Each structure stands twice: as structure tokens, then as C-alpha cells.
Amino acid sequence: MGWRKSRVELLPSLQGCVGEVSLNERNVGLWSYESREGQCGGCFSSPQAEETSFHFDGSGFSLVQKSLRATSTSIVLLFKTLSPGGLLLYLASNNTRDFLSMELVEGRVRLTFDLGSGALILTSKRKYNTGVWYKITLQRSKRKGYLSIMAADQSSNKEVLEAESPGTASDLNRSDLDPIYIGGLPASRPIRRQVVSRSYVGCMRNVEIARSNFDLLRDAFGVRKGCVLEAVRSVSVFGGFVQIAPPSLGQEAELLFSFSTNNQSGVLLAVFSGERAHRQHFLSVHLVSGAVEAELGEMGGATRRVAVVKPDGGSFSDGTKRSVIVTIHRKSLSVQVDEKHLKSVSLSPGGLSRLSPASFFIGGLPQGEESRLPIKLQALSRSFRGCIQHLVVGGELVDLSGAVRYEGAELDSCQLEEKLGGAVLPDDQDVEPTPDSAHLPVTPPTHLSALKPGALTCMSEAEPTFLPAAVQFGSSKHSHMTFIISPNTVKRSVSVRLSVRSRARDGLLLLVSESKQTDYVVLKLRAGRLMMSVDLGRGPASITSKGPINDGEWHTVSGEVRRRAVSVSVDGSGPVSVSLRGNQLDVGRRLYLGGLPHTHSSRRINASSSFPGCVRSVRLNGAMLDLTAPASSHEVTSCFTNDQTGSYFNGSGYATMSGVPGEQRRRPGVGALLRPPAV
């Protein structure tokens, strides 16, 4: 940023503010610089680019709220993805059967809405998972739905769909507090059976609902700024299959892929020549009792088979990732597993020339296609359950987003067992059909004289407000943010300064370390006090603040590693310190704030849970971390302006309690009332 002097000075340095910088659509943290010259400080305000894009990694969602008219719906959004399936938006009522969803199904845009008397489903004819930006415009007026899809930079080529929902209901009834989910759903959220997807891998921008725009990072996880799409290289198959366009095979062919499964038998790959050929040929790569086999030959005729068995009598179907290389030469067929177990068998002359692929299947076969395999393999056609990834044919990595069709499979996923889907609401769920708002019954007023003293003290007088520059951790054990730093900036000294607010006893605030945590700096809350632990590779040293900071008030805390000493300070008080062995800190490029991912070991630092509280104004060696633009974020939410004990329910979730004594009574529309046991 600005200008660095060299032999030729072309332009003067910039005087002003810079914000929202991105390179190749990936957000650049302006405070994570490697070096700086001159006076560079923070700006009073940062411009919010209208074209800010957001990437959804498939693990989370963004939650927004908006008051909508019952008789009409207006939604505009831009999306870009390579995945053929994904939930773009889900809008529903917590108390009625009314809902509206927009999603991708096999690459096609699908709109579904039900106003209480039957669902309308509109599906585009074209596929839109091509990796370019598309604009969706939805307009609903009572029962009539209008949907248009077009390339963001080419409005002339537009696909338009129109229809009316069945029945007589014309209002989409919902509460203003009912959530609107974008890019996915929480696992606990029940959905209507017409909705196919619960997650989305791709990008969105310019999401507009009822002429209002939203910051998709405000209440979200699994979402980050920027947009970098990656080709789909993996698929989880659960008794299904994936069919891709048949790649061309030369006179000599090589197929590479990896798999992992706990199933002892199943089809991994199957290739067939065209039905119009005089003689049809096939290639099958499969598992039989834990051994990897390949069979090449003529359908109903002579075949050649080669099998690789694990030398120790074990199985390749042990859940471990296994690599497979299948090579077909003019005179031989060979299979190699894990780059060391190799078996070959000779072929008759011209064995490959007769295999001109017309269909290519991964993980299994569609119903009816199994008859093209030898009888002994037909029972395996739908039995594979696991992950297949990194398929290479003829030296080219295959992008599975271009799949011709798939069934019983989840693209861009690598799971050994099928994830349990969320609850699905039946069509005959126990709710009344949604009446139009004009015919809703009017509740008679309650006279104040009938209320007992103190009956009006439960309701908050105003909606809670949030701090724009603070974030809340602790909604789950592994709530956290990550930032990319330059390891050289912390090699000789480390200075951390931040403001925190919490009522908890323990939790991880900040960590930088190398992969095995030989060297690390960790700041955490321990028994209500600030604790800093450091290891420069020659033994750990720890220091704890004198007084507690878990009183629900804001505290400015700091920790420093300098001149072989570790010190901490709270609210500007005199630091307490302890000596430290070692000369320099060797760590990786990732800084963890507020907690750690579930895959990250915490054995050496002894801090496994996230920090249950609010954090703001985080500085590392004087540089401010931009909390609105982390490298990644998981279950981090907004921070309330005022801290109170208790739990806040915003209408989008619930709490479950177990082991609570007393009688539980339920009342429609109110929730659970707890009555303590008699004493």
C-alpha cells in the first residue's frame, strides 16, 4: 500500500484511507502486513464495497432477519459455484407450514414455496454450476411466482420461469423473528421434504431481501469474505454412483485415484464401451473381501483379472486412505496399491484398442446397468460406502462438478458414513393450515387490572443491541477465528494487547505455535485470571495476573515476551513477570483467536475449550487484527452491548436441558415452563 522509494520515484505516497482490499477475490487483511514505513494508522471508517463476496465452505450458514409482507416476496442474489447441489436460501415459519427455498439441484436452480395449500416447484432447464457469477431475481405476488436467472455480465441471455402455487392460500405467513437462512442450515433445523440440500459450497454477493442488503458475516459460521472456487475432487458414495462424461483413453491408459472405506466389497470404477459397438467391452476396478481387483474384457466373453491382496492377510478396507494406480498397456493390465503393492497380468494383443469408453461410473452403477458386469460382480454394483477422490485419467485431474448425473452420493465430500440428515417436516404436520392474514382471529385485550404485581417485569423494553467492533466466542467448544501472520515478526519479541469481557472461569484467548507445539505463545483465562504461557523450545514458563477479570466488565489485558521474560498486565497496572529460557520463537503462519478447531491438539498448552466471552481491539506487536476479515471463522457471533446473566433467545433456536428436577409443562406458543419441586 502506498509507495516504497526506489531508484525511480514515479508517484507520491497515498494520503487517505484504504479498505476492503482483495487479491484474486481473496480478502487481504490490511493489518497483517510484513513491514511498514512512515505513519500508517487506522481510519475512522472503512468503506463497505457493494461487490463484497462471501464464500460458504459447506459447514455452516448465514442467518439474517427481515420483516416481510405476507402477500409478496422480493429476493435478488448473485452466486457462483462449481458444485451441482446446494441450498442458497431457506425462509420458513416456526409455527406454520409456509416456507420458501432456493437451491441448486443437479446444477439447476430450483424455487419451491408453499403458502399452506400445496407446494409450487420451479426448476430451470439450464445448469448454472459453471464457476461464473449468475444473478437470480425472485418476485412473488400472492400465489404467482416469477424467477429469472442470467449471467451477471450478460442480461440478454435470461431464463425466466413463471407459475402459480396450487390451492387458495395466497399469503406466506411468518413472524418477523423467524430466521432466514442463507447458504445452509443448522443440523437441528427441520425442513420440508421438498428441500433437497442443507448446505452450499460456493460464493454469494449482493444478497437483497425486500430491498434490504445484509452483511453475511454478522451472524454466521463457515463463511468468510472473498471468493475462491476449487474444483470438486472428492465424492462420498453411499450405495449410489456418480456418472461422468467419458474421458478419452489412448492406446495405453493410466487411471489414478484414492479411496477410503470400511466396506469389504464394492465397485470403485466401471468403464463401458458404446452399445453400438460390434463387441462391448468393460473395465471394472472393485473391492472383493478387502482386496483390490481390476478386470478387463468383453461383456459375456473372455476377461483378464488381476488382484492385489494385502500381504499380512489384512484388508485395504480399513478406513485408511488408499491410493490406486491402474495401468493398461498393449500387453498387460496392472494394479498398484499404496505405491508398493503391484500385480500384473498379460493381455491379448489389442486388448485396450477395443475399449472406447462411452460411459464412466464412480462408486457404483445405476439400477439396470449392473447386467453389463460379469455375474459374480453384479452384486457389488451398489454396495460401496465411502470416499473416492483425486481421480486422474490420462494425466488429467477430473473435476466432478461436471458430473452427468449422480445418486446416493454427495459431491465435494469425503465421508465414510452417511451423515444423519436433519429432521424433515411431514406434509401432514400437526399445524393448522395457514389462514390468510385477513381472517386471522383477533385476541381479546388483557386489562391491566387483571394482571398481578410484577407481571410486566419479564419483557425487555427494547431489542438488544450489538457492539460493531467486538465478537463473541464460546457458543461451542471449538468456537474460534484464525488470522495469517508473518512468523518473522514474532521471532524476537511478542506483544499482545486486547480487550475482553467474560464471566467464565477458563478459556483460550490466543495461540501462536508451530505444528507440534514445541514453540508456542498462549494467552488464556485460568480460574478467572489472565495467564500467559510461553515455550521457546527450551522449556515452558507461565505467569498469571494478580486479580480476576471474569466479572462481566471490559478489561484491557496485555502479554509480552521480551528479553527472556514473560509478563502480563491488566487495565494498565504494573506488569508481573517471570524469566524464560530460549532466544527466539519459531511458529507457523496461523494465529488462533478465541479457541481451536476440533482437529487441533491442545495437549501441551492445556487449554481445550474456547473463550466464553467477548473480544475486541486485538493487537499483535502493535498491528490491529481486523476482526471482520479473519482467514477463517467458526461459530463466532456478535457481542451484546450490555452484558447480563442468562440466555437470550432471538426466535431462531432453542435450548435443551437434561437432569433438571421438577415438573415440565408445555403450552403452545410459550415454550417450556419449569416448576421447582416442593420443599
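None of these values were measured; they are calculated from a predicted model. Going along each chain's sequence as written, the residues are numbered from 1 onward. Given that the model is predicted, a residue must reach a pLDDT of at least 70 before its local features are reported, and side-chain atom pairs must reach 80 or more before they are shown or counted; all residues, however, enter totals for whole chains, interfaces and linings. Water and hydrogen atoms play no part in the side-chain values, which are based on all heavy atoms of the structure.

So, on to the overall build of the protein chain. A count of helices and strands for the protein chain gives one helix and 47 strands. Exposure is judged per residue with a 1.4 Å probe applied to protein chains only, and the accessible area is read against the type maximum: over 50% gives exposed, under 20% gives buried, and values in between give partly exposed. Looking at the protein chain as a whole, 45% of its 679 residues are labelled buried. What counts as a helix is a DSSP run of H or I of at least four residues, what counts as a strand is a run of E of at least two, and both are numbered from the N terminus.

Excluding glycine, residues mostly have negative phi values, and the peptide bonds linking residues are mostly trans. In this structure, asparagine 206 is a non-glycine residue whose phi angle is positive, near 50 degrees. Relative to the elements of secondary structure, asparagine 206 occurs in strand S14 (residues 201-209). The phi torsion at serine 289 lies on the positive side, around 55 degrees, for a residue other than glycine. Within the element layout of this structure, serine 289 appears in the loop between strand S20 (281-288) and strand S21 (291-298). A residue is classified by how much of its surface remains accessible, and serine 289, at 59% relative accessible area, is exposed.

Cysteine sulfur pairs qualify as disulfides if the two atoms are within 2.5 Å. As enumerated under the stated definition, the model contains three disulfides in all. Paired by a disulfide, cysteine 387 and cysteine 414 hold their sulfur atoms 2.0 Å apart. Taking the sign of the torsion about the S-S bond as the criterion, the disulfide between cysteine 387 and cysteine 414, at about -105 degrees, is left-handed. Linking cysteine 387 in strand S27 (residues 385-393) with cysteine 414 in the loop between strand S29 (405-411) and strand S30 (424-425), this pair joins segments that are 27 residues apart in sequence. Since its relative accessible area comes to 0%, cysteine 387 is described here as buried.

Another aspect to go through is the environment of serine 124. Relative to the elements of secondary structure, serine 124 occurs in the loop between strand S8 (119-123) and strand S9 (134-141). In contact with serine 124, other than residues within four places in its own chain, are Arg108, Val109, Ile149, Glu159 and Leu161. Polar contact is defined as a pair of N or O atoms within 3.5 Å, subject to the rule that within protein one atom must be able to donate a hydrogen and the other to accept it, and that residues adjacent in sequence are counted only when both atoms are side-chain atoms. Of the polar contacts made by the side chain of serine 124, one reaches the backbone oxygen of arginine 126; its length is 2.9 Å. Should any heavy atoms of two residues lie within 4.5 Å, those residues are counted as being in contact.

Our next topic: the pattern of salt bridges. In the sections that follow, a salt bridge refers to a side-chain nitrogen of Lys or Arg positioned within 4 Å of a carboxyl oxygen of Asp or Glu. In this structure the tally under the stated criterion is 13 salt bridges. In this structure, aspartate 318 engages arginine 322 in a salt bridge whose closest nitrogen and oxygen atoms are separated by 2.7 Å. Classification of aspartate 318 by relative accessible area gives partly exposed; the value is 35%. For arginine 322, a relative accessible area of 9% puts it in the buried group.

This part takes up the packing of aromatic side chains. Only centres within 6.5 Å qualify two rings of Phe, Tyr or Trp (six-membered ring in Trp) as a pair; their planes then separate them into stacked at under 30 degrees, edge-to-face at over 60, and tilted for everything else. Tallying each qualifying case throughout the model produces nine aromatic pairs. Consider the rings of phenylalanine 79 and tyrosine 134, whose centres lie 6.0 Å apart with planes at 35 degrees: the pair is tilted. Taken together, the residues span a long stretch of sequence, with phenylalanine 79 in strand S4 (residues 72-80) and tyrosine 134 in strand S9 at a distance of 55 residues. Here the two residues phenylalanine 79 and tyrosine 134 agree in accessibility, since each one is buried. Within the aromatic cluster, the residues linked to one another by ring pairs are Phe61, Tyr181 and Phe221. Over the face of the ring belonging to phenylalanine 272 we find arginine 372, whose NZ or CZ atom lies 4.4 Å from the ring centre. One cation-aromatic arrangement involves arginine 616 over tryptophan 554; the distance from NZ or CZ to the ring centre is 3.9 Å. A ring has a charge above it when a Lys NZ or an Arg CZ is no more than 6 Å from the ring centre and no more than 35 degrees off the ring normal.

One can find serine 356 in the loop between strand S25 (341-346) and strand S26 (357-362). Remark: the alpha-carbon pair of serine 356 and leucine 249, spanning 107 residues in sequence, is separated by 7.1 Å. Excluding residues within four positions of it along the chain, serine 356 makes contact with Phe272, Ser273 and Gly274.

Its location among the elements puts lysine 524 in strand S35 (residues 519-526). For the charge count, each Lys or Arg is scored as positive and each Asp or Glu as negative, with His and the chain ends excluded. As a buried residue without a salt bridge, lysine 524 has its nearest oppositely charged side chain in aspartate 506, at a separation of 8.3 Å. Other than its neighbours up to four places away in sequence, lysine 524 contacts Gly507, Leu508, Leu509, Arg529, Leu530, Met531, Ser533, Ile605, Asn606 and Ala607.

Of the volumes computed, that of the second largest pocket is approximately 450 Å³. Using only the protein atoms, space was sampled on a 1 Å grid; points where a 1.4 Å probe fits but cannot get out form cavities, open sets with protein on both sides within 12 Å along at least five of seven lines form pockets, and lining residues are those with an atom within 4 Å of a point. Taken together, 19 residues form the lining of the second largest pocket, with Asp57, His480, Pro597, Ser633 and His634 sitting closest to its centre. Only strand S3 (53-64), strand S16 (220-225), strand S32 (480-484), strand S41 (590-593) and strand S44 (632-634) provide two or more residues apiece to the lining of the second largest pocket. Across the lining of the second largest pocket, the residue classes break down as four nonpolar, 12 polar and three charged. Grid points are joined across faces, edges and corners, and a volume is the space filled by probe spheres set on the points. For this scheme, ten residues count as nonpolar: Ala, Val, Leu, Ile, Met, Phe, Trp, Tyr, Cys and Pro. Four count as charged, namely Asp, Glu, Lys and Arg, and the remainder, Gly too, count as polar.

Before going further, it helps to spend a moment on the sheet that holds S35. In this analysis, strands are considered paired if DSSP registers two or more bridges between them. With antiparallel pairing, seven strands are arranged side by side in an open sheet as S37-S36-S35-S34-S41-S32-S44. Each having just a single partner strand, strand S37 (540-544) and S44 make up the two edges of the open sheet. Strand after strand, the sheet turns through a mean of 10 degrees between neighbouring axes, direction not considered. Note: strand S34 (residues 507-513) against S35, six bridges, orientation antiparallel. Its bridge partner lying in S35, glycine 507 is registered against leucine 525. Think of each axis as a best-fit line through the C-alpha atoms, taken over the contacting stretch in the case of a helix, with angles from 0 to 180 degrees between the N-to-C directions.

Our next topic: the pairing of S34. The element S34 is extensively covered by neighbouring structure, given that seven of its seven residues are classed as buried. Count of turn residues in the S34/S35 antiparallel hairpin: five residues, of which glutamine 517 carries a positive phi of about 60 degrees.

Further remarks concern the side chain of threonine 261. Take threonine 261: it is sitting in strand S18 (residues 253-261). A relative accessible area of 0% places threonine 261 in the buried class. Ignoring any residue separated from it by four or fewer positions in sequence, one finds threonine 261 in contact with Leu287, Ser317, Asp318, Gly319, Phe384, Arg385, Gly386 and Leu416.

With that settled, the discussion passes to the confidence of the model for the protein chain. The predictor attaches a confidence to each residue, and that confidence, scored 0 to 100, is pLDDT. For the protein chain, the mean per-residue pLDDT works out to 81, and 80% of the residues sit at or above 70. Throughout residues 428-440 the model reports pLDDT below 50, and contacts reaching past four residues in sequence, or to other chains, amount to 21 contacts.

Our next topic: the environment of serine 346. Assignment of secondary structure puts serine 346 in strand S25. Along the chain, serine 346 and arginine 304 lie 42 residues apart, while their C-alpha atoms are 7.9 Å from each other. For serine 346, the contacting residues outside a window of four places in its chain are Arg304, Lys331 and Ser332.

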